[in-house]
Amino acid sequence: MQSSAPRLPRQTAVPRTDIDTRLTPELASVVAGARRRALRDGDRQIDTAHLLHSLLESDPDVRAALGPEPRVARVLGYLAQRAIGYGLRWRGSVEDSGAVPVGRLPAPRTAGGAGAWSPSAADAVEGALERAARRGAGRAAGIDLLAALAADPGCRAMEVLRRVGIAPAEADGS
C-alpha cells in the first residue's frame, strides 16, 4: 500500500560541529545567547526574535546597521516585552514564515526543553553561512545573520523591526 502523502526531498543536515566552526566566535556567542534566552523564556524553540535580541545585545556592527541608538533601544524594548506581553501570542506556536524552504540545520537539543531551531531561525543561520561564503569569508558574522533575517520579511525578527519602522531593506546589512 502506497502512502498518499507527498514525499519531500531529503535534505542533508549540516553537522552541529561544522556549524560552530563556520561562525565567528562572536556569532557563536550570539547563538548561545539566543538558546539561553529561549530556555529562560520557556520557549520550545530558538526563533528569529531570540537571534535578533542576542545580536543587538552583543554586536556593535549590527546595532550600527540598524541606525541611530533610539531605534535600537525601541527594538530592544519590544524584544524585552516578549515574555510579559508582546510576543505572548507566539508562545506555543512554531515560527515558520514559509518564505524559504524548511531549515537544513539539525535541531540542537538542550536539557530542559528549548533548543530546537524554528524553521525560520534555522534558515536564517543557514542563510548567514551562505552569505559569508559568497563574500569569501571563512566564517559567518553577525551582519551576515542580520542580512539573512532581513531576507525573510515574514519572520518574527522582521515583525519586530517593522513595528519600530525598520524595513527589511534597511536591515539587510549591506
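For the structure itself, look to the data block above.
The model shown is predicted, which means the values in this text are computed figures rather than measured ones.

Student: What is the right way to read helix 2 (residues 25-41) from this model?
Tutor: Along an α-helix, residues three or four positions apart point the same way, because every turn accommodates 3.6 residues. For helix 2, built from 17 residues, the straight-helix expectation of 24 Å at 1.5 Å per residue is met to within 8% by its first-to-last C-alpha distance of 24 Å. Residues Leu27, Val30, Val31, Gly33, Ala34, Arg35, Arg37, Ala38 and Asp41 constitute the buried set of helix 2. Count one or two residues on from helix 2 and you reach Gly42, which has phi positive near 75°.

Student: Hey, could you run me through the pattern of salt bridges in this one?
Tutor: One side chain can pair with another of opposite charge once the charged atoms of both are near each other. Scanning the model with the defined rule gives four salt bridges in all. Arg37 is the partner of Glu57 in a salt bridge, and the nearest nitrogen-oxygen pair spans 2.7 Å. Of the two residues, Glu57 is situated in helix 3 (residues 48-58) and Arg37 in helix 2; the sequence distance between them amounts to 20 residues. The closest approach of N and O atoms between Arg156 and Asp47, which form a salt bridge, is 2.8 Å. Taken as a pair, Arg156 in helix 8 (residues 156-163) and Asp47 in the loop between strand 1 (45-46) and helix 3 lie far apart in primary sequence, 109 residues in all.

Student: Please clarify how the nonpolar core should be interpreted in this entry.
Tutor: In summary, soluble globular proteins display a tendency toward joint burial of nonpolar side chains. If you look at the biggest cluster of nonpolar residues, it comprises 40 residues, and the most contacted ones within it are Leu51, Leu52, Val75 and Leu145. Elements represented by at least two residues in this core include exactly helix 2, helix 3, helix 5 (69-80), helix 6 (119-134), helix 7 (142-150) and helix 8. Ranked by residues supplied to this core, first place goes to helix 6 with seven residues.

Student: Can you help me understand helix 7 in this one?
Tutor: For helix 7, the tally of buried residues reaches nine of nine residues, placing the bulk of the element in the interior. Along helix 7, the positions that sit buried rather than exposed are Gly142, Ile143, Asp144, Leu145, Leu146, Ala147, Ala148, Leu149 and Ala150.

Student: Quick question: what am I supposed to make of the packing of helix 3 against helix 7 here?
Tutor: Helix packing geometry: the angle between the two helix axes and the distance between the axes. Orientation of helix 3 relative to helix 7, taken along the N-to-C sense of each, is 145°, at an axis distance of 11 Å. Taken as a pair, helix 3 and helix 7 cross one another with a handedness that is left-handed. Contacts from Thr48, Leu51, Leu52 and Leu55 in helix 3 reach Gly142, Leu145, Leu146 and Leu149 in helix 7. Among the residues making up the contact of helix 3 with helix 7, the classes are represented as six nonpolar, two polar and no charged.

Thresholds applied
Residues numbered from 1 in each chain as written. Predicted model: local features only at pLDDT ≥ 70, side-chain atom pairs only at ≥ 80, totals over all residues. Heavy atoms only, no water. Helix = DSSP H or I, 4+ residues; strand = E, 2+ residues; numbered from the N terminus. Expected span 1.5 Å × (residues − 1). Buried < 20%, exposed > 50% of the residue type's maximum accessible area, 1.4 Å probe, protein only. Salt bridge = Lys/Arg side-chain N within 4 Å of Asp/Glu carboxyl O. Core = buried A, V, L, I, M, F, W, Y, C linked by side-chain atoms within 4.5 Å. Axes fitted to C-alpha atoms, helices over the stretch in contact; angles between N-to-C directions. Left-handed = near helix turned anticlockwise from the far one by under 90°. Contact = heavy atoms within 4.5 Å. Nonpolar A, V, L, I, M, F, W, Y, C, P; charged D, E, K, R; others polar.

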